[in-house]
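Notes for the structure review
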Amino acid sequence: MKFDITSMDGAAAGSVELDDAIFGLEPRADLIARMVRWQLAKRQAGDHKTLGRADINRTGKKMYKQKGTGGARHGSARVPQFRGGGRAMGPVLHSHAHDLPKKVRALALRHALSAKMRAGGLVVWEKAELAEGKTKVLRDSFAKSAIANALIIDGAEVHEKFAAAARNLPQIDVLPVQGINVYDIMRREKLVLTKGALEALEARFK
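As annotated in an unreviewed UniProt entry, the chain carries the name Large ribosomal subunit protein uL4 and comes from Roseiarcus fermentans. Taken directly from UniProt, the Sequence similarities (unreviewed entry) text for the chain runs: "Belongs to the universal ribosomal protein uL4 family." What UniProt states about the chain under its Subunit (unreviewed entry) heading is, verbatim, "Part of the 50S ribosomal subunit."

Taking 1.5 Å per residue as the helical rise, helix 2 (residues 29-42) with its 14 residues ought to reach 20 Å, and the 20 Å between its terminal C-alpha atoms agrees with that figure. The inward-facing, buried residues of helix 2 abut helix 3 (102-118) and helix 6 (182-187).

A few words on helix 7 (residues 195-204). Taken together, the buried positions of helix 7 are Ala197, Leu198 and Leu201. Angularly, the buried residues of helix 7 cover 100° about the axis, an arc narrow enough to put them on a single face. Facing away from the buried surface of helix 7 by more than 90 degrees, the exposed residues are Glu199 and Ala203. Against the buried residues of helix 7 lie strand 2 (12-17), helix 1 (20-23), helix 3, strand 3 (122-125), strand 4 (150-153) and strand 6 (190-194).

Alignment of strand 1 (residues 2-6) against strand 2, held across four bridges, turns out to be antiparallel. Bridge pairing in strand 2 places Phe3 opposite Val16. Remark: five residues form the turn of the hairpin made by strand 1 and strand 2, two consecutive strands paired antiparallel; Gly10 in that turn has positive phi of roughly 95°.

On to the side chain of Asp184, then. Position of Asp184 among the secondary structure elements: in helix 6. Those residues in contact with Asp184 that lie beyond four places of it in its chain are Leu151 and Leu175.

Turning our eyes to something else, we now look at the sheet that holds strand 1. A sheet is described by the order of its strands in space; here six strands give the open sequence 2-1-3-6-4-5, paired in mixed fashion. Taken across any chain shown, the strands that pair with only one partner, and hence form the sheet edges, are strand 2 and strand 5 (172-175). Taking the axes of each pair of neighbouring strands and ignoring which way they run, one obtains an average angle of 30° across the sheet. Looking at chain direction, strand 4 and strand 6 are connected through four bridges and run parallel. Paired with Leu151 across the strands is Leu191, a residue of strand 6. Where helix 7 meets the sheet, it contacts strand 1, strand 2, strand 3, strand 4 and strand 6, and its direction lies at approximately 90° from that of strand 6.

A positive phi is found at Met89, a non-glycine position, where the angle reads about 55°. Within the element layout of this structure, Met89 appears in the loop between helix 2 and helix 3. Since its relative accessible area comes to 85%, Met89 is described here as exposed. Notably, Gln171 is not glycine yet its phi reads approximately 65°, a positive angle.

Parameters and conventions
Residues numbered from 1 in each chain as written. Predicted model: local features only at pLDDT ≥ 70, side-chain atom pairs only at ≥ 80, totals over all residues. Heavy atoms only, no water. UniProt positions renumbered as here; feature names shortened; annotations may be inferred. Helix = DSSP H or I, 4+ residues; strand = E, 2+ residues; numbered from the N terminus. Expected span 1.5 Å × (residues − 1). Contact = heavy atoms within 4.5 Å. Buried < 20%, exposed > 50% of the residue type's maximum accessible area, 1.4 Å probe, protein only. Arc of directions from axis to C-beta. Pairing = 2+ DSSP bridges. Axes fitted to C-alpha atoms, helices over the stretch in contact; angles between N-to-C directions.

Below, the structure written as structure tokens:
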């Protein structure tokens, strides 16, 4: 399908042919949701932990003789019944990540791109570059093109001055094409792709 290319200021800069196999699919919400869940689970730290019985620095010697004391029978001061003892069945270090086939992940990315295209949230730029890394200059350009909440994907490398200018703008994310992902695509209102990013995506999905 043919799609219009614009400059950073919103002016027309030609057109490009988009691949229907990437941008023309009927979006499947279930695939996108599975991918988002996989991403969020994978980045969870899983480092919440309490001290168990084996982690308490106390002697394991029997506290007192088994019988004849008139009290309950105990063998160690590290058990959960005592103050300072280990916690019973507390959380331990573990990973929250789960498996998701590579083909499903690739398909979910294509459906996310198609969903953004269908919702009218796709923008294609000729390039994402600035002569000077000034946030004010970039903010003025975004105001002209009505961009306030966007994920901007450049080619293999992000232009240094553009990235520096965008760093202070809230709700604006800038990534190289290698970092494109379903979660960041769906959490922003608009997806901005440069021509370099488009070429890399098409080569990736061939």
